[in-house]
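# Coordinate analysis (summary)
So the chains spell out like this:
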Amino acid sequence: MTPDADAFPLEGYRWYRGSGIDEALVVRTLRRAYRDLGGHDGPHLAETVRRHLSSRSKLWWVMTAVDKQPLDPVGCLWLSEAVDQRTGEAQAYVFLVYVAPEHRRQGIGTVLMQQAQQWAHQNGYGSISLQVFEANQAALALYRKLGYESQAVWLTKAL
């Protein structure tokens, strides 16, 4: 895979390499992802992007082959670095994988996650991690299919 080029492994789609100047588009895409899951898409998402999208982040957009630029991307992959809380080792971290509902179940999410794993391996990371909402069963199924395993459970209680 060469995501800096236009070719995408699935017919009808293209890659576009993003950067830190895409902050507004990342926020908009993150809000779409939260709305798709029935979640709250408030200002905390913009703050998360402001805080974590940096020059060390890697960002790829997927668009249809006919789109000229990712003004309304059909997919997104945002990677950065985190620390494994058990070992203290740096690891690749998936901040966002998004595929628009009308483009799901066509392999785009798999290609994006394969790109994440390839990038992590090429950059010397020994592991890659992500968080996913328990209600997002489609994403959980994809991640499990790709070999991801649960490491922790995040529990909350409304007060």
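Residues numbered from 1 in each chain as written. Predicted model: local features only at pLDDT ≥ 70, side-chain atom pairs only at ≥ 80, totals over all residues. Heavy atoms only, no water.

A few words now on helix 4 (residues 137-145). Where helix 4 is concerned, the buried positions are Ala139, Leu140, Leu142 and Tyr143. Around the axis of helix 4, the buried residues are gathered within 160° of arc, so they sit on the same side. The exposed set on the far side of helix 4, more than 90 degrees from its buried face, consists of Ala138, Arg144 and Lys145. Where helix 4 is buried, its residues touch strand 4 (90-99), helix 3 (108-122) and strand 5 (128-130). (Buried < 20%, exposed > 50% of the residue type's maximum accessible area, 1.4 Å probe, protein only. Helix = DSSP H or I, 4+ residues; strand = E, 2+ residues; numbered from the N terminus. Arc of directions from axis to C-beta. Contact = heavy atoms within 4.5 Å.)

For the rest of this paragraph, the subject is the environment of Gly75. Here Gly75 lies in strand 3 (residues 75-83). A C-alpha to C-alpha distance of 33 Å links Gly75 and Ala158, two positions 83 residues apart in sequence. The residues contacting Gly75, other than those within four sequence positions of it, are Trp60, Trp61, Val62, Tyr98 and Val99.

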